[in-house]
Amino acid sequence: MKEQQSFAPEFEHFYDYARQGELRFPKCESCGRFHWYPMKRCPHCRSEKIGWGQVRRNGTLFSWTVVRHAFDPAFADRLPYMVGLVEFDDAPGVRFVTNLTGADAEAVHIGMELEPVFAASNDPHPLVTFRPARAVDRA
Amino acid sequence: MRKNIAIVGVGETAPTRSAGKDVRALAVDAALAALEDAGLDPSDVDGIMSDGGIMPSSVPHEWLAAQLGVNSYFDASISYGGTGVCAAPMIAEMAIREGLANVVLFYFGVDWGTRPGGPYGFHDIYPAKMAFEKPYGFNGQPSYFALWARRYMHEYGLDERDLATIAVTQRDNAMRHGGGQAKRPLSYDDYFASRMISDPLRISDCCLISDGVGAYVMTSADRARDCRKRPVEVLGVGYAAEPITGDDVFTQKPAMLHLPSVAEASRRAQQRAGVTLDDVDFAEIYDCFTISCLMQIEDIGFCGKGEAAAFIREKGIGIDDGLPVNTHGGMLSYSYRLGIEHVVEAVRQLRGECGDAQVKDASIGLVSGLSVPEYGVLMLGRG
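Residues numbered from 1 in each chain as written. Chains lettered and ligands numbered in written order. Predicted model: local features only at pLDDT ≥ 70, side-chain atom pairs only at ≥ 80, totals over all residues. Heavy atoms only, no water.

- The name given to chain B in an unreviewed UniProt entry is Thiolase, and the organism recorded there is Oceanibacterium hippocampi.

- If you check an unreviewed UniProt entry, chain A appears there as DUF35 domain-containing protein from Oceanibacterium hippocampi.

Quick word on the UniProt feature "domain: Thiolase C-terminal" (unreviewed entry) in chain B
Here's step 1: Those residues carrying the UniProt feature "domain: Thiolase C-terminal" (unreviewed entry) are residues 251-370 of chain B in this numbering.
Here's step 2: Across residues 251-370 of chain B, the secondary structure splits into 41% helix and 8% strand, with the terminal C-alpha atoms separated by 16 Å. (UniProt positions renumbered as here; feature names shortened; annotations may be inferred. Helix = DSSP H or I, 4+ residues; strand = E, 2+ residues; numbered from the N terminus.)

Section: the pattern of salt bridges
All names here are of chain B.
Here's step 1: Scanning the entire structure with this criterion turns up 34 salt bridges over all chains.
Here's step 2: Linking Lys229 and Asp37 is a salt bridge whose minimum nitrogen-to-oxygen distance equals 2.4 Å. Of this pair, Lys229 sits in the loop between α9 (221-224) and β8 (232-241) while Asp37 sits in helix α1 (residues 23-38); the two residues are 192 residues apart in sequence, bridging distant segments of the chain.
Here's step 3: A salt bridge links Glu341 to Arg337, with the shortest nitrogen-to-oxygen separation between them at 3.5 Å.
Here's step 4: On the basis of relative accessible area, Glu341 is assigned to the buried category, the value being 1%.
Here's step 5: According to the relative accessible area criterion, Arg337 is buried, its value standing at 0%.
Here's step 6: Connected through shared salt-bridge partners, Glu12, Arg337, Glu341 and Arg348 make up one network. (Salt bridge = Lys/Arg side-chain N within 4 Å of Asp/Glu carboxyl O. Buried < 20%, exposed > 50% of the residue type's maximum accessible area, 1.4 Å probe, protein only.)

Focus: the pairing of strand β2 (residues 47-50) of chain B
Residues and elements named next belong to chain B.
Here's step 1: Of the two faces of β2, both are covered, the one formed by Gly47 and Met49 as well as the one formed by Ile48 and Ser50.
Here's step 2: Note: β2 against strand β4 (residues 103-111), three bridges, orientation parallel. Paired with Met49 across the bridge in β4 is Phe106. (Pairing = 2+ DSSP bridges.)

As for the UniProt feature "domain: ChsH2 C-terminal OB-fold" (unreviewed entry) in chain A
Here's step 1: Within this structure's numbering, the places UniProt gives as "domain: ChsH2 C-terminal OB-fold" (unreviewed entry) are residues 52-118 of chain A.
Here's step 2: In residues 52-118 of chain A, helix accounts for 0% and strand for 49%; the two terminal C-alpha atoms are 18 Å from one another.

A word on the sheet that holds strand β11 (residues 374-382) of chain B
Residues and elements named next belong to chain B.
Here's step 1: Spatially, β3-β2-β4-β7-β1-β8-β11-β10-β9 is the arrangement adopted by the nine strands of the open sheet, whose pairing is mixed. Both edges of this open sheet fall to β3 (74-77) and β9 (282-284), since each of them pairs with a single strand only. Each adjacent strand pair in this sheet contributes to an overall mean axis angle of 25°, direction not counted.
Here's step 2: Here β9 runs beside strand β10 (residues 364-371); their pairing, made up of three bridges, is parallel. (Axes fitted to C-alpha atoms, helices over the stretch in contact; angles between N-to-C directions.)

Points about the environment of Asp172 of chain B
Here's step 1: Relative to the assigned elements, Asp172 of chain B resides in helix α7 (residues 160-177).
Here's step 2: Between the C-alpha atoms of Asp172 of chain B and Ala357 of chain B, which are 185 residues apart in sequence, the distance is 9.8 Å.

Focus on the interface of chain A and chain B
Here's step 1: Taken together, the contact between chain A and chain B spans 35 residues of the former and 34 residues of the latter.
Here's step 2: Interface of chain A and chain B: buried area, both sides summed, is about 3,100 Å²; carbon and sulfur atoms make up 59% of it.
Here's step 3: Of all residues in chain A, Tyr37, Phe71 and Arg95 of chain A give up the largest surface area on contact with chain B, accounting jointly for 24% of the area buried on that side.
Here's step 4: Taken together, chain A and chain B are joined by two salt bridges.
Here's step 5: The residue Asp72 of chain A makes a salt bridge to Lys134 of chain B at a minimum N-O spacing of 3.0 Å.
Here's step 6: The interface formed by chain A and chain B holds 19 residue pairs in polar contact (both at pLDDT 80 or more) in total.
Here's step 7: Counting residues per element, the side of chain A that touches chain B draws most heavily on strand β3 (residues 59-67) of chain A, at six residues.
Here's step 8: Of the residues assigned to the side of chain A that touches chain B, the class counts are 24 nonpolar, seven polar and four charged. (Contact = heavy atoms within 4.5 Å. Buried area = accessible area lost by both parts, 1.4 Å probe. Polar contact = N/O pair within 3.5 Å; in protein donor to acceptor, adjacent residues only side chain to side chain. Nonpolar A, V, L, I, M, F, W, Y, C, P; charged D, E, K, R; others polar.)

Brief notes about the packing of helix α6 (residues 141-156) of chain B against helix α11 (residues 290-300) of chain B
All names here are of chain B.
Here's step 1: One can describe the packing of α6 onto α11 by two numbers: an axis separation of 10 Å at closest approach and a directional angle of 60°. Considering their axes alone, α6 and α11 lie oblique with respect to each other. Along this stretch, α6 crosses α11, giving a crossing that reads as left-handed. Contacts between α6 and α11 pair Phe145, Trp148, Ala149 and Tyr152 from the former with Ile291, Ser292, Leu294, Met295 and Glu298 from the latter.
Here's step 2: Here the contact of α6 with α11 is built from residues that sort into seven nonpolar, one polar and one charged. (Parallel < 35°, antiparallel > 145°, perpendicular 65-115°, else oblique. Left-handed = near helix turned anticlockwise from the far one by under 90°.)

A look at helix α10 (residues 260-273) of chain B
Residue and element names in this part refer to chain B.
Here's step 1: With 14 residues, α10 ought to run about 20 Å at 1.5 Å a step, and its terminal C-alpha atoms sit 20 Å apart, in line with that.
Here's step 2: Within the span of α10, buried status applies to Ser261, Val262, Ala265, Ser266, Ala269, Gln270 and Ala273. Each buried residue of α10 sits inside an arc of 165° when the element is viewed along its axis, so together they form one side.
Here's step 3: Where α10 is buried, its residues touch β8, α11, β10 and β11.
Here's step 4: In the stretch just after α10, Gly274 is the one whose phi turns positive, near 70°. (Expected span 1.5 Å × (residues − 1). Arc of directions from axis to C-beta.)

Considering the pairing of β4 of chain B
Residue and element names in this part refer to chain B.
Here's step 1: Most of β4 sits inside the fold, with eight of its nine residues counted as buried.
Here's step 2: Of the pairings in the sheet, the one linking β4 to strand β7 (residues 211-220) comprises nine bridges and is antiparallel in character. Its bridge partner lying in β7, Phe106 is registered against Tyr216.

Remarks on the packing of α1 of chain B against helix α3 (residues 61-68) of chain B
Residue and element names in this part refer to chain B.
Here's step 1: Two elements in contact, α1 and α3, have axes whose closest approach is 11 Å; the angle formed by their N-to-C orientations is 60°. Considering the angle they form, α1 stands oblique to α3. The handedness of the crossing between α1 and α3 is right-handed. Seen from α1, the contacting residues are Arg24, Ala27, Val28, Ala31 and Leu32; seen from α3, they are Trp63, Leu64, Gln67 and Leu68.

Side note on the environment of Gly352 of chain B
Here's step 1: Relative to the assigned elements, Gly352 of chain B resides in the loop between α14 (340-351) and β10.
Here's step 2: Residue Gly352 of chain B is classed as partly exposed on the basis of its relative accessible area, which comes to 48%.

What follows is the structure in structure tokens.
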């Protein structure tokens, strides 16, 4: 059984949106800049007024790896799997750690366009994975 | 320039995956070895230092002081892991100069060779990593540095053979040095045949996993002259940190492949030492992975960004080459005690104790510690 844990409130907001199929990141209402991971105040201007800006467009692969060793035994049965780091035109300053699915490692390349896949489950902290963009960019 | 303090004793437990003793026992062994090396007694020690992140929960100051019978009138800690190892003399120098202490013992080590989870549990202290990275299986240090390596290959055209050269050369250094954890040579064929851990990093790109503790003893330059061995002067120390959290540093750095705190720590160490990198005869660089060693060669300032592979090919990093790097084999081939072995080795090089692995006429050595986003550079000189 998966261990249920709760995170800091500013972390939980990310998952509140993810459960609704929305990808949102902390965005300062004072200076307008994104930051990631969530902080108590905007790290750019120290404002406490932090909203959550929605990513609506596809992401771009910044870097990636194929994990072939289980650093934690809990992941042994998933090997090998791909971890990607994804950037967004509409959330500058954010890089999102995710799993890449639906592509062979040979076809993966930095700069490729990716779209999110929201896990449909009752998990309070659903994974948001990415796959090669198939649909027209949602913007 | 007159130097205020010197390292007068070093000690380490033997490099090994499994020491057969717990880390507190190893700390006592290393501390006593360092004091013996200096010709000093525990009763001579009146200040004690370590890092501020790892040792307080495994071998606290007061425990070691009680075990050794040290009356301590000064204790301090700085950063965590390798940066603390390199930056501690910055604090010790102030303490000794101000008369707060006369003889300062520094110790550091880990039991990550045998502790369940090894090094991999360390990053579980970061809450955002637990919330947003570990669920995706992004939790081992090799995967963090794999993202850097892949991106570096994309931006600067790094070839896998360039990483291989670091691993192979350091192994050559280790074979000449002896005493390290890696016992067999490593050829390019061996490198390319070694198991892929997290593409593009193979197991030969990753540091060893070790049990062990090292220690060094510092005192005033005046008192150093009365110790058993030739003193090694602390020429200058640089410490710098970027305003980015430990959660963010592997993924969110705006310029991922640049380590500005490395550059700043290097600049400060050179300035305080009154020397430049041209004066450095060898460097013990924090080589947790081949890629991190390569990037630091650039950010320390030995060459420009994107130029390290060519620098290594042209200048060479073997013991007899233009810039000997990790003369004991480094963390890749000697041991991974987060850099304490680098300070111990640099001191031994500057005393001329390294036998087949001795850098000829070594008079100035640089040691780096990388505890992202904090960084330390220690410049040492033959006394």
